[in-house]
Amino acid sequence: MFQSFKLVWGPIPGLVLFCAMASAQQEGATTIKPAKSASLAIAEKALQWMPESFRRVLSRNMDGLRNGIDEVHGAKFLLASDRLTLEENLLQRMASTVNRLQSRPRFSEAAKDFGALAQMMLLLNLPENEAGSSDRLLTFSDVIGRNSEAFRVVVYDAFEIGGNSDEVRTLLETVRQRRKRLSEPFSLEATRLATTTIALDPRSPLYGIAALVYSHAINDTARAWLWVWRSANGDMSGRPSLQAQP
């Protein structure tokens, strides 16, 4: 940000110094990169686990993926009851994405679907919160994005989801139980969020919770994407082993 200066007409050296300071301020400001959203960081990691053809085509349509992430407004799905609605929305979106891919549309439209699925998986993995504390979860999501490069990604389940929607529902039930278990430890640490929006202490409980949510969301996003891609008869060759770290 620019600092305010009182410009006083005077000797040329003073004016030169003022211009140099303003230029330095502007140059420093332009080098600051905006924080990456947690959902985008999750999607980029999940992409590394996908078949070669999927990685190639989605990499060319990242704008569509970002638009899909932005399409799902997190503030609407933070209460426990709203998460159940979100689960149904995710099931419907997965099915509609399969149909879209089978109709061979412009992939930019399908990329929006994959972005929306990544955002939904993040929201479903966030701890459940008490009424009136939604702002803390939104801040927590922002903290995950800001610290994503520091987290070690863990593969929790290398097995793909089975071929029918019941298998997807089983995954969502697992996610539901997981976030409930995180709710109590998160509530104990949530008051620290106001002072840790930049970098988390790797030794802190909040860091552990954030890293856990991040890794699980990557695993779940990759498994959902794989289910959609395989169900639409996408080429599954060239897929990295999920046993390896991305």
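Just so you know, these numbers come straight off a predicted model, no measurement behind them.

A.B. asks: Could you give an account of helix α8 (residues 165-189), naming the residues involved and the relevant values?
C.D. replies: Across its 25 residues, α8 extends 36 Å between first and last C-alpha, which sits within 8% of the 36 Å expected from 1.5 Å per residue. Where α8 bends most, at S183, the angle is about 35 degrees, and the proline P185 comes one to four residues later. Close packing links the buried residues of α8 with α5 (80-102), α6 (107-125), α7 (134-147) and α9 (205-231).

A.B. asks: A description of the pattern of salt bridges should follow, citing residues and the corresponding values.
C.D. replies: As a working rule, side chains carrying opposite charge can pair if their charged atoms are close by. Applying the stated criterion across every chain yields a total of 14 salt bridges. Put simply, E44 and K36 hold a salt bridge, and the shortest N to O gap is 2.7 Å. D113 is paired through a salt bridge with R93; the nearest N and O atoms lie 2.8 Å apart. Residue D113 is found in helix α6, and its partner R93 is found in helix α5; the two are separated by 20 residues along the sequence.

A.B. asks: Any chance you could break down the packing of helix α4 (residues 62-71) against α6 for me, citing the residues and the numbers?
C.D. replies: Contact pair α4 / α6: the axes reach a minimum separation of 6 Å and the direction vectors enclose 45 degrees. Taken together, the axes of α4 and α6 lie oblique to each other. Remark: the crossing between α4 and α6 carries right-handed chirality. Facing G64, L65, N67, G68, I69 and E71 of α4, the residues of α6 in contact are S108, A111, K112, G115, A116 and Q119. When grouped by side-chain class, the residues that make up the contact of α4 with α6 number four nonpolar, six polar and two charged.

A.B. asks: Quick one: what's the story with the environment of R93, residue by residue and with numbers?
C.D. replies: A relative accessible area of 15% places R93 in the buried class. For the pair formed by R93 and F114, sequence separation is 21 residues and the distance between their alpha carbons is 9.1 Å. Setting aside its immediate chain neighbours within four residues, R93 contacts E71, K112, D113, A116, L117 and M120. Side chain to side chain, R93 and E71 meet in a polar contact 2.9 Å long.

A.B. asks: Any chance you could break down the packing of aromatic side chains for me, citing the residues and the numbers?
C.D. replies: The tally for this structure, following the rule as stated, stands at nine aromatic pairs. Summarising the aromatic geometry, the rings of F151 and Y207 are spaced 5.0 Å apart at their centres and angled 70 degrees between planes, so their arrangement reads as edge-to-face. Highlighted residues: F151 in the loop between α7 and α8 and Y207 in helix α9, separated in sequence by 56 residues. Owing to a relative accessible area of 6%, F151 belongs among the buried residues under this scheme. Overall, the relative accessible area of 13% leaves Y207 in the buried class. Grouped by ring-pair contacts, the aromatic residues F54, F107, F114, W225 and W229 constitute a single cluster.

Basis of the calculations
- Residues numbered from 1 in each chain as written.
- Predicted model: local features only at pLDDT ≥ 70, side-chain atom pairs only at ≥ 80, totals over all residues.
- Heavy atoms only, no water.
- Helix = DSSP H or I, 4+ residues; strand = E, 2+ residues; numbered from the N terminus.
- Expected span 1.5 Å × (residues − 1).
- Bend = angle between axes of the 7 residues up to and from the residue.
- Contact = heavy atoms within 4.5 Å.
- Salt bridge = Lys/Arg side-chain N within 4 Å of Asp/Glu carboxyl O.
- Axes fitted to C-alpha atoms, helices over the stretch in contact; angles between N-to-C directions.
- Parallel < 35°, antiparallel > 145°, perpendicular 65-115°, else oblique.
- Left-handed = near helix turned anticlockwise from the far one by under 90°.
- Nonpolar A, V, L, I, M, F, W, Y, C, P; charged D, E, K, R; others polar.
- Buried < 20%, exposed > 50% of the residue type's maximum accessible area, 1.4 Å probe, protein only.
- Polar contact = N/O pair within 3.5 Å; in protein donor to acceptor, adjacent residues only side chain to side chain.
- Phe/Tyr/Trp six-rings, centres within 6.5 Å; stacked < 30°, edge-to-face > 60°.

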